[in-house]
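A look at the structure
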Amino acid sequence: MTILVTGGAGFIGANFVLDWFQHHDEPVVNLDKLTYAGNLQNLASLEGDARHIFVRGDINDRPLVERLLSAHEVRAIVHFAAESHVDRSIHGPEEFITTNVNGTFHLLEAARAYWSDLPEKRRAAFRFLHVSTDEVYGSLELGEAPFRETTCFAPNSPYAASKAASDHLVRAWHHTYGLPVLITHCSNNYGPYQFPEKFIPLMILNARAGKPLPIYGDGRNIRDWLYVSDHCAALRRVLEAGRPGETYNIGGCNEKTNLEVVQAICALLDRLAPEGAPHSRLITFVEDRPGHDRRYAIDAGRIQRELGWTPQESFATGLEKTVRWYLAHDDWVQSVTSGAYRDWIERHYGASFPPQSGPPGVA
Ligand code: NAD
Ligand code: DAU
């Protein structure tokens, strides 16, 4: 048997594929369009490994997906492929609808056609694992209870809305057609291979290069951080033992303000790469993200109780591993921070960056 992973050349997908082969010999068909966020270098260690079958393609290409499912006798789909960056969704939401909504629809339809024709035993064992986000629940105030699986959806960004829409489709394909789906909502991931448009790698690389560290607004927005290998372990567990039709929240119990995260990164760099110290002098407050969610927090009680999953990394150990990884992988960094990346940074942060240096209201 085989599993089909979509988006397996991106950050979490690549970590999942690498992690999978640490625990299984079961082959993986990895379907990825290789957008700006997909990078085969993430999977370089699998070169020549017959268990990994990479296919460059789009999840919107239903005939291709159907062919892959049949040809490889796929027993489960793990669906990561998505446009994943909130800021990009604000600048240009269309791609988010095309991939996250339409793409998930086509994937579901291809899966349904294939699954319907399977013999009884294989039909019962088939799984469609949809990897989603805590952002579909919206924003919390300080003191409000963390998101539970029963929390109502209230997505605030085009990205979050497109993920919420895809979650609804997945749920409906279970309810209406009986497709054995599993849905996960995870908090902010960090770790190796994360594209440096996202907060933690952006801060590590900018600090390393002596560039400003752009903090949106007052820096007090809160995220719950989870080291990526803990997310991969949770997904393996959900695939193995999750109940079809069920939703599982996954989180690290690591609520931090953005300012706390940057200060922790600066302190690590001061110790591990002291030539630019103190790196915190680079912290620069910039205009806030439109509609910026104030706080995310996850109640991961269900997956802990029902599936026995708990994170292995603390924020301190995970962050140190991450900083060390970026310091040791200059070649990877060089390859992903080429022309297209520089264009994005200039478009988003502006040529005149940095526009202000103290938090709003502070001279
Ligand atoms: P990423 O942007 O790093 O990777 C996305 C991958 O999907 C890339 O390899 C890209 O080439 C591929 N892709 C994009 N459009 C495609 C298409 N139409 N067909 C096939 N492949 C396509 O994203 P990530 O951070 O690894 O996130 C993976 C998934 O996990 C997403 O669904 C995201 O919503 C979800 N998620 C992410 C986080 C996080 O903190 N990064 C947290 C919770 C959930
Ligand atoms: O919560 C899960 C989500 O986490 C995933 O679904 C998304 O795919 C992933 O991108 C992430 O979304 P965020 O918007 O929380 O992540 P990002 O890394 O873009 O930003 C994290 C926080 O840091 C957020 O409060 C915005 C802030 N930020 C971000 C950037 C890029 C800054 O202050 N400055 C920046 O330059």
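Residues numbered from 1 in each chain as written. Chains lettered and ligands numbered in written order. Predicted model: local features only at pLDDT ≥ 70, side-chain atom pairs only at ≥ 80, totals over all residues. Heavy atoms only, no water.

Considering unusual backbone geometry
The cut-off we apply is this: Strands are runs of DSSP state E lasting at least 2 residues, helices are runs of H or I lasting at least 4, and numbering of each runs from the N terminus.
With an omega of -5 degrees, the peptide bond running from Ala277 to Pro278 counts as cis. As for its placement among the helices and strands, Pro278 is situated in the loop between helix H9 (258–272) and strand S12 (283–286). The phi dihedral of Glu73 falls on the positive side, at around 45 degrees, and the residue is not glycine. Structurally, the position occupied by Glu73 is in the loop between helix H2 (62–71) and strand S4 (74–79).

Topic: empty space enclosed by the protein
Rolled over the atoms, a probe as big as a water molecule pinpoints where empty space is left. The criterion, for reference: A pocket here means an open set of points on a 1 Å grid, computed over the protein atoms alone, that has protein on both sides within 12 Å along at least five of seven lines. A cavity is instead a set of points where a 1.4 Å probe fits but cannot get out; residues with an atom within 4 Å of a point line either one. Grid points are joined across faces, edges and corners, and a volume is the space filled by probe spheres set on the points. In the scheme used here, Gly and all other residues not listed as nonpolar or charged are polar, with Ala, Val, Leu, Ile, Met, Phe, Trp, Tyr, Cys and Pro taken as nonpolar and Asp, Glu, Lys and Arg as charged.
In this structure the tally under the stated criterion is 2 cavities of 30 Å³ or more. In this structure, the second largest cavity occupies an estimated 60 Å³ of space. What lines the second largest cavity is simply Val86, Ile90, Glu135, Asn156, Ser157, Arg223, Arg289, Pro290, Gly291, His292, Asp293 and Tyr296. Here the residues of the lining of the second largest cavity are counted per class, giving 4 nonpolar, 4 polar and 4 charged.

A short note on the site of ligand 2
Going by this rule: Nearness is defined per residue: one heavy atom within 4 Å of the molecule or strand is enough. Side-chain atoms alone can form a polar contact between residues adjacent in sequence; in general such a contact is a pair of N or O atoms within 3.5 Å, and within protein one must be able to donate a hydrogen while the other accepts it. Note that accessible areas follow from Shrake-Rupley with a 1.4 Å probe, and for residues the cover is restricted to the protein chains shown.
Looking at ligand 2, there are 25 residues lining it, with Asp134, Glu135, Tyr159, Arg289 and Tyr349 nearest. One nitrogen or oxygen atom from the side chain of Asn188 is found 2.7 Å from an oxygen atom belonging to ligand 2. Burial of ligand 2 by the protein amounts to 95% of the accessible area it has alone, namely 690 Å². Elements with a minimum of two residues in the shell around ligand 2: helix H3 (86–91), helix H7 (199–208) and strand S8 (213–216). If you tally residues by element for the shell around ligand 2, the top one is S8, at 3 residues. Partitioning the shell around ligand 2 into residue classes produces 10 nonpolar, 8 polar and 7 charged.

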